[in-house]
Amino acid sequence: MNPIIEEIVRNAHKLYERQNTEPITKTNPFLYNVSHLCITNRELMGQIPAQEGGYLGFAYMNILDLTDDSRVFQIYSTISFYFIEKALKYGYVNDTDFSPIHVQTLNDALIIMNIGARSLCRTFAQAQGIVPSNNINFDNFYSLPSYVKQILLCEYSYFIEFVEALETRGITIDREPQMYQRFNMLKKFVSTGFFEEFGTASSLYNKAKEVRSLVYSYAASKIEKGDIIFR
């Protein structure tokens, strides 16, 4: 492995491993090193192995959460999504028992669908050749463009996988009240036809996987060339 990539991965691992003992703030050295090394070696970002994607997705989720500059929200949310989806598609193919990082990656996918939704939806649109609107009423679910609804649809699919992961580890989602309520809201959307433009209720999970793959491929086509500008 390239020594710079090794250093990026090492810092991402340290950030993940120490998240409960060292506050993740703007001054966290491991977070800073991941951000600095990636931004100054962006041509290497696409070469980071899929099995390390969960750690990088976690790092960029925190970078997004800590930034105050709205001009880079879409960049950080898309990079986090790219690494998360890369890990879920290719990094855990033999992980039938859901390792802790696998569960963490699914949890991070749910978080990025929330904190990154307003910027990530632009990448979802662009991946489909749609010019995203700058005037969206995010408070009215029923007026949302289809590419914003797809964020919710993908969140629903991540929840299905997350619940399976938790149950494999003997945990039920109702132990997390906010997540439980959110999942129930999305299930209600499914049952009441909110997502009907994407297919029947029984086909929605597969449709979400298709959307995730489409957006991942679009993000990968840029990031793997060293282009991390999404706006």
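Heads up: the structure comes first, above all this text.
One structure accompanies this document, and this report is about it. (Residues numbered from 1 in each chain as written. Predicted model: local features only at pLDDT ≥ 70, side-chain atom pairs only at ≥ 80, totals over all residues. Heavy atoms only, no water.)

### Looking at the overall build of the protein
Across its full length, the protein carries 9 helices and 0 strands. The order of α-helices and β-strands along the protein, N terminus first, is α-α-α-α-α-α-α-α-α. Principal axes of the C-alpha set define a box for the protein whose edges measure 50 × 45 × 30 Å. A separation of at least 24 residues holds for 70% of the contacts in the protein among residues at least 6 apart in sequence. Counting only carbon and sulfur atoms, one obtains 49% of the accessible surface of the protein, whose full area is about 11,100 Å². Separation of charge centres in the protein, based on 22 positive and 25 negative side chains, amounts to 5 Å. (Helix = DSSP H or I, 4+ residues; strand = E, 2+ residues; numbered from the N terminus. Contact = heavy atoms within 4.5 Å. Areas by Shrake-Rupley, 256 points an atom, 1.4 Å probe, with all protein chains shown as cover. Lys, Arg positive; Asp, Glu negative; His and termini not counted. Charge placed at Lys NZ, Arg CZ, Asp CG, Glu CD.)

### Details of the pattern of salt bridges
Should their charged atoms come close, side chains of opposite charge can pair. Tallied over the entire structure, the rule returns 11 salt bridges. Two residues, Asp69 and Arg71, come together in a salt bridge whose shortest N-O distance is 2.9 Å. With its nearest N and O atoms 3.2 Å apart, the salt bridge here joins Lys149 to Glu197. You can see Lys149 sitting in helix 7 (residues 146–168) and its partner Glu197 sitting in the loop between helix 8 (177–191) and helix 9 (204–223), a full 48 residues away along the chain. Here the residues in one salt-bridge network are Glu85, Glu161, Lys209 and Arg212, joined through shared partners. (Salt bridge = Lys/Arg side-chain N within 4 Å of Asp/Glu carboxyl O.)

### A word on the nonpolar core
Membership of the largest hydrophobic core comes to 81 residues, with the highest contact counts inside it found for Tyr60 and Phe195. No other element matches the 13 residues that helix 7 contributes to this core. When near neighbours in sequence (up to four residues on either side) are disregarded, Phe195 contacts Lys149, Leu152, Leu153, Leu186, Phe189, Val190 and Leu204. (Core = buried A, V, L, I, M, F, W, Y, C linked by side-chain atoms within 4.5 Å. Buried < 20%, exposed > 50% of the residue type's maximum accessible area, 1.4 Å probe, protein only.)

### Focus: the environment of Asp68
Following the sequence through the fold, Asp68 ends up in the loop between helix 3 (53–66) and helix 4 (73–91). We classify Asp68 as exposed; its relative accessible area is 66%. With residues up to four places along the chain from it excluded, the contact list for Asp68 reads Lys26 and Phe73. Within the structure, Asp68 has its side chain in polar contact with the side chain of Lys26 (distance 2.8 Å). (Polar contact = N/O pair within 3.5 Å; in protein donor to acceptor, adjacent residues only side chain to side chain.)

### Description of helix 2 (residues 29–40)
Between its terminal C-alpha atoms helix 2 stretches 16 Å, which fits the 16 Å expected from 12 residues at 1.5 Å a residue. Here helix 2 has its buried residues at Phe30, Leu31, Val34, Leu37 and Cys38. In a view along the axis of helix 2, the buried residues occupy a sector of 145°, so they form one face of it. Tucked into the core, helix 2 has its buried residues touching helix 1 (3–17) and helix 3. For helix 2, the N-terminal cap is Asn28; the gap from its side-chain oxygen to the backbone nitrogen of Phe30 is 2.9 Å. (Expected span 1.5 Å × (residues − 1). Arc of directions from axis to C-beta.)

### Describing helix 6 (residues 117–127)
Helical geometry: 3.6 residues make up each α-helical turn, so side chains three or four residues apart lie on a common side. Of all 11 residues in helix 6, 9 are buried; the element is thus mostly enclosed. All of the buried residues along helix 6 are Ala117, Ser119, Leu120, Cys121, Thr123, Phe124, Ala125, Gln126 and Ala127. Buried residues belonging to helix 6 abut helix 4, helix 5 (100–115), helix 7 and helix 9. Two residues or fewer after helix 6 comes Gly129, characterised by a positive phi angle close to 75°.

### Considering unusual backbone geometry
One can expect most non-glycine residues to show negative phi and most peptide bonds to be in trans. With phi around 55°, Phe98 is a residue other than glycine that occupies positive phi space. Within the secondary structure, Phe98 is located in the loop between helix 4 and helix 5. The class of Phe98 is buried, set by a relative accessible area of 10%.

### Some remarks on the packing of helix 4 against helix 5
Close contact between helix 4 and helix 5 brings their axes to 10 Å; oriented N to C, the two are set at 145°. Seen from above, helix 4 lies across helix 5 with left-handed handedness. Here helix 4 contributes Ser77, Ser80, Phe81, Ile84, Ala87 and Leu88 to the contact with helix 5, which in turn contributes His102, Thr105, Leu106, Asp108, Ala109, Ile112 and Met113. Its residues placed into classes, the contact of helix 4 with helix 5 shows 8 nonpolar, 4 polar and 1 charged. (Axes fitted to C-alpha atoms, helices over the stretch in contact; angles between N-to-C directions. Left-handed = near helix turned anticlockwise from the far one by under 90°. Nonpolar A, V, L, I, M, F, W, Y, C, P; charged D, E, K, R; others polar.)

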